[in-house]
Amino acid sequence: MSIKCFAILSFFFFGRSQAFLATPLNTSDPDVINILCPEQASGETRDHEWITREGIRRSIRKFFIANPPPDSPPDFFLPEDATLSEIYHGYYGETMSPTRFIKAVNSIAAANVKTDSAPQTRYDPAIQGDGEHIIGLQESLTLRYTQIMTSILVEEAYSAARALLGTSLHSLQKFYSHSTWIEQGNAGILEDLGIPGGLIPAVANPTEAVCTPCPSSQGECTDNVILGTGLSSGYYNYVDSIGDGFLIPKPPTGGKCSHGGRLDDSTAVPEIGGVNKDTAYPCFSPHHYLHDQAAELAIQATEYYLENILNAVGDVKYRRLFDLYMGSALSICIDTTGSMQDDIDAVKAQVAEIVNNVETELYILVPYNSPVVGPLTKTDDPQVFLDAVNALYATNSDELFCAALQLALSATPDYGSIFCFTDDRAQDAAELMESVTALAQLQHNSVTVILSDILQKENEPKEGYGEKSPRLPVDPIDQYRYITEATGGLLISTDKFDVADIVGIMGGGVATSTVTIVNLIDISGPRDNEVLIDDSVVDFEIRLEGILTNAILEDVTGYTYDLMDASGLNALPDVEVISHTDSFKAIKWTTPNFGVWRLQTLTPNNYTISVIATSSFDFLGDFAILDPSPPHPHYRQVEGRPLMNTIYYLELTLIGHLESEVVLANKIEFINKEGIQLRQIDYLGEVKDQIYIRTDPLPETPFFIRLSGKVSSGRSFNRLLPVQVIPVQTKVEVWATSQDLSAKPGESSVALFYVTNYGLESNFDITGTDDMKFLTYLSDTTIYLGTNGSYPIYANFTVPLGTTHGTVSTIIITAKSQKQSQSVNSAVAHFIVLPEEQDLVKPLCVLTNTPDCTDFSYNGVCNLQEWLAEADLKDDKSGLYSVYARPEGTAIDIVGFTPGTTATVFVDYRSTCCSLVADIIGVDGQGNVGLCHIDMGILGGLIIDFDVDSVGDTWALLHWNITPSIYEVSYYLLEVNDGSNLQQIPCQDSYCQALVAYLDACAHQNFNLTPVFDYLGTPVEGFAAYTYTITGEDGVPEAPYNGTEIDATETSVTIAWEAAVCSSEFEVCYYEVGEDPSTGVCGRTSQTNFVITGLSKCKAYFTDVVAISPSGQESVNLQFYSVTLCPGPNLNEMLRQWISS
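A brief structural summary. What you see as residue numbers is a count from 1 along each chain, following the sequence as written. Only residues with pLDDT of at least 70 are given local features in this predicted model, and only at 80 or more are side-chain atom pairs given and counted; all residues enter the totals for whole chains, interfaces and linings. With hydrogens and water set aside, each side-chain value is computed from the structure's full complement of heavy atoms.

1. Section: the overall build of the protein
We count a stretch as a helix when DSSP gives it H or I for four or more residues in a row; a strand needs E for two or more, and each element gets its number in order from the N terminus. Within the protein one finds 17 helices and 55 strands. Over its C-alpha trace the protein gives a radius of gyration of 32 Å, about what one expects of a compact globule, namely 32 Å for 1141 residues. Seen through its C-alpha atoms, the protein measures out along the principal axes to roughly 105 × 90 × 65 Å. In the protein, which comprises 1141 residues, the share counted as buried stands at 58%. Computed by Shrake-Rupley with a 1.4 Å probe, the accessible areas treat only the displayed protein chains as cover when residues are assessed. Approximately 43700 Å² of the protein is accessible, and the part contributed by carbon and sulfur atoms is 51%. Think of it this way: Lys and Arg go in the positive column, Asp and Glu in the negative one, and His and the chain ends go nowhere. One atom stands in for each charge, and that atom is NZ of Lys, CZ of Arg, CG of Asp or CD of Glu. Seen as two clouds, the 61 positive and the 146 negative side-chain charges of the protein have centres 8 Å apart. Radius of gyration means the value over C-alpha atoms here, while the globule rule gives 2.2 Å times the residue count to the 0.38 power. Per-residue accessibility, obtained with a 1.4 Å probe over protein chains only, is compared with the maximum for each type, and a residue is labelled buried under 20%, exposed over 50%, and partly exposed between these values.

Written out as structure tokens, the structure is:
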């Protein structure tokens, strides 16, 4: 067995990274230390991953604040330093999982990083901005801008849009570290960069001298850029056989700048030295002292570019770009062959229940038979979806399951669940099953297949429809089991099913994102499994697939649940029976105790166990390879499946670890589907957002990744990635550029893919598929590869005339060995239809009047007057696609608009004088944005900076400012908490303070402050401001005291205590004497007494009671020592004496 050592598995924890390269790097790595000289660093270094996430973080925070959630407090606010997951939780709530959102952000960052990895982009000066190729950079960006916008506006193809966006952000960010923009004295960003029709400042001509020599060809260099010269960027030359066709040689005549650093061979060519600001390391970045400024401008440029996208696509599609759906998508594929009529009727009867009871923003339906797959229904209108479902009917044909699933995958957001109903084998599995499985895994879509009567009907003719067509010699159950196991879905095989039995599963898959705690597949015999319920778990659900003899769940108190007894479970208040059939059971515990639960199962049959939970804590994992070569050393993510027997870095992203108080994440395991450990990787470093961990060689069999650790209570957690990792011996890579993967209607294009074989020599079958059928043929459908051999595959595409620009087709190229089942892999790319003529001109917007709020632009009276803005919008080329205003205002009247119009559109926009800033926006058919910006200043008499100066046990000192107004403040009305405490506060100054006394100690205090103005002798109230604090809390609360044991029985103990100051609630944890305290069972109460149940008789226990303050700080513990009663006279006292002695 050979081991390959060129790869890395990387785990991401969101947070700070190490370099303004593509990714953070471990500066102690011998392949890195000689490039970056960390001992000379002038500060912290930022990389493209960090800059991208930071720009998105700032953008989404602003977006959320501008569009607060329904029923939010008056001054909804998200802290400026809140992490991505904290922003998400602050907006959607602590129990909602941000996994899909974080994955969307990750995919944009990964596409950014790939720009420094892929052969077709890493050398290209039109992408990297090197060699004074700034005009080429602008042209490349503007072409891609159109692709990004149309893929969103026309197709809502967000996966393709994120990939393109990552590439564009890479180029935008590189501009500030590679060009002389900063050295020429510019303190802000170049707003026109990357925007169609944007103007780029004068660029240095080929003979213009822009640099003077540095003291040395290596190391720090200052003042080597000639001020006042044209905009320039450094030349970057190095030896690379592939890069030779892209890299621009540095002119030997002098006067030009080099990129600089140890990897740049051009630094010795006059003028010596360099100008790059990529890092804080002088040996890599001669202008390292400008790195912070370059990184900040790159973040601001990212924000600005995202703001342009927001204006172009609108609020709803902007949310979807970042997978900020309320709930997931309801995505259904259904077999409409003749024998499915009963099942279709069952789906019709039940799907309305899901639609009516589950909140979701997207509905997807794909019916299929043969030769027809579709039509695809993708809508945010539930009635349109229900109408499509109710129109289904059965016909006689074969089942094209994989083609239908491919179409559903093209429309389903990442991390969504797809439910497929069928009663027969997939006729196209041999050709497409590998491809659609790869796509589902890439998008983290779980595929659940519901089979009915499949075994009984396997060789029966379809009544009334003639004989069944010949079948493939493959077990149909195994066909579907392969994809459900690989994607973390379910395989429910039963007699003619009642959809009501699985409606809860479908609704749960739509309603929220869950985390996986246990996933055991195709096991048999008796099993005794630990189920770790940590403090971040809100509820959990056990799913049992298969026919079991016994299934018993024991909670942390010793109480047992018979999972085979549906009526008994239904009678329990904290248990919800979602589904309970002979072959499938799903049961939820809504308020579980934290600690170790045990699940014991028994059956001679094969069965599957999965435990999922609602939790604020999850993780993502990807494999990556360390690439120390020019132009920029980095970790690059693996495309497709990873290679077996290969050492990788694991890129781990911890999601919500701060909110969930994760204190230790110390073990990563690769486990097979039966739960057997194949590899263990220990991690001893700190818990942070992003970590790269070196792995052992990957196993040769499929596995899952499990992360273990502890939360602050000391309890252990498990999290498992539900998508199966399938190591292989073949690699398929996309070598095509976005230009290769695009064409105008009526035109053709050729894209390059590369196949490499790391297994035994073999012939390989090459297949290609795309959902829009643009792929016309492959250069080869069978190739021979020896060990370590590679071969290019050229995919030829033709776009039919009349195809709408912005149409996106998902392409899957698969290579499969004819000898070895493990030599199979796929590459996924997106093909985009270009407009017949690129439109570089934004729509024209002209205000035809002057909005006026004279005497009414003041708090308290602004709602008494409206203002009117009249605007004319026009686009002569691609026509107007949408016209709207932000904010919505009180009314908008749009005349003459139909999508695509090139005529003038007339807009009358009205708003009250309480809103003095607005944009009237026109977007053309290629995403160019034109707007009329109205700004009448700041609202007068508005309270700003309302906050708490200081706070005591029973008082708080408040302060605020107020903007100037022509109307005098009579007084302020201060409402404290529920409104029972109202105070009038006189203050006519621009800065005011107020002391609020007689507050409850150690309690949340909410303050609403309303200014009351004198308007023509009448008091009028203005907009209120809001703030809050907690009184009397200085450090941790005092411990409970005077603990007393009130009662003890054979199975319970009752204790009581007195509360000290600042105790909001109490955590009670108990454990048997001699056991590890971290194994204790914990509960919370606001009372000063607690009944501990489920104890064993004749046992001694410690109980720790901790006071918790309103802000969540914990006191030291008050400990109780208790002994449960023993059967028989005087045994309890004897036991106490014996234990004491």
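2. Concerning helix α2 (residues 48–66)
Residue pairs spaced three or four apart in an α-helix point in one direction, given the helix's 3.6 residues per turn. For α2, with 19 residues, the first-to-last C-alpha span of 27 Å sits near the 27 Å given by 1.5 Å per residue. Of all 19 residues making up α2, 15 are buried, and the element is well covered by its neighbours. Identification of polar contacts relies on pairs of N or O atoms within 3.5 Å, with a donor-acceptor requirement for protein atoms, meaning one able to donate a hydrogen and the other able to accept it, and with residues adjacent in sequence counted only if both atoms are side-chain atoms. One side-chain oxygen of the residue at the start of α2 lies 2.8 Å from the amide nitrogen of E49, identifying that residue as D47. Under the convention used throughout, the expected extent of a helix is 1.5 Å for every residue step, that is, one less than its residue count.

3. Considering helix α12 (residues 401–411)
Burial within α12 is extensive, with ten of its eleven residues counted as buried. Listing the buried residues of α12 in full gives F401, C402, A403, A404, L405, Q406, L407, A408, L409 and A411.

4. Side note on the side chain of E651
You can see E651 is positioned in strand β19 (residues 649–655). Throughout this description, the term salt bridge denotes a Lys or Arg side-chain nitrogen within 4 Å of a carboxyl oxygen of Asp or Glu. Among buried charged residues, E651 stands out as having no salt bridge; its nearest opposite-charge side chain is R53, 4.7 Å away.

5. Points about the state of the cysteines
Cysteine sulfur atoms are paired as a disulfide whenever they fall within 2.5 Å. Summed over the entire model, instances satisfying the criterion amount to nine disulfides. One disulfide bridge connects C862 with C914, the sulfur atoms lying 1.9 Å from each other. Because the sign of the S-S torsion sets the handedness, a value of about 85 degrees for the bond joining C862 and C914 places this disulfide among the right-handed ones. With C862 in the loop between β34 (844–847) and β35 (866–874) and C914 in the loop between β38 (905–912) and β39 (917–924), this residue pair connects regions lying 52 residues apart in the sequence. The disulfide that involves C1002 links it to C1062, with 1.3 Å between the sulfurs. Torsion about the S-S bond of the C1002 and C1062 cystine: about -105 degrees, corresponding to left-handed handedness. Taken together, the positions of C1002 in the loop between β45 (991–996) and β46 (1004–1015) and C1062 in the loop between β50 (1053–1058) and β51 (1065–1072) put the pair 60 residues apart, joining distant regions of the chain. For C333, which is in no disulfide, the shortest distance to another cysteine sulfur is to C420 and amounts to 3.3 Å. You can call C333 buried: its relative accessible area is 0%. Of the cysteine sulfurs around C402, a residue in no disulfide, the closest is that of C420, at 9.6 Å. With relative accessibility at 0%, the residue C402 sits in the buried group.

6. Things to note about the nonpolar core
If you look at the biggest cluster of nonpolar residues, it comprises 69 residues, and the most contacted ones within it are I309 and F322. The element that contributes the greatest number of residues to this core is helix α9 (residues 291–321), accounting for eleven residues. Pairs of residues are marked as contacts when any of their non-hydrogen atoms sit within 4.5 Å. The residues touching F322, leaving out its near neighbours within four places in the chain, are I56, I60, F101, A104, V105, I108 and L306. Counting 47 residues, the second-largest nonpolar core is a separate cluster that includes Y858, A885, F946 and L974. Within this scheme, the nonpolar core is defined by two criteria: the residues are buried Ala, Val, Leu, Ile, Met, Phe, Trp, Tyr or Cys, and they are joined through side-chain atoms within 4.5 Å.

7. Regarding the pattern of salt bridges
In the structure shown here, the tally under the stated rule is 34 salt bridges. Notably, a salt bridge pairs R46 with E44, separated by 3.4 Å at the nearest N-O pair. Overall, R46 belongs to the buried group, its relative accessible area being 11%. R58 is the partner of E296 in a salt bridge, and the nearest nitrogen-oxygen pair spans 3.0 Å.

8. A word on the packing of aromatic side chains
Aromatic rings in a pair are described by how distant their centres are and how their planes are angled relative to each other. Aromatic contacts are taken between Phe, Tyr and Trp rings whose centres are within 6.5 Å, Trp giving its six-membered ring; a plane angle under 30 degrees counts as stacked, one over 60 as edge-to-face, and the others as tilted. Summed over the entire model, instances satisfying the criterion amount to 42 aromatic pairs. Between F175 and Y176, the aromatic rings sit 5.0 Å apart at their centres with planes inclined by 90 degrees, giving edge-to-face as the arrangement. The same class applies to F175 as to Y176, namely buried. Ring geometry for Y368 versus F401: centroids 6.4 Å apart, planes at 75 degrees, classification edge-to-face. Note that Y368 is positioned in strand β3 (residues 362–368) and F401 in helix α12, a separation of 33 residues in sequence. Across this residue pair, the class does not change: Y368 and F401 are buried.

These figures come from the coordinates and say nothing about function on their own.
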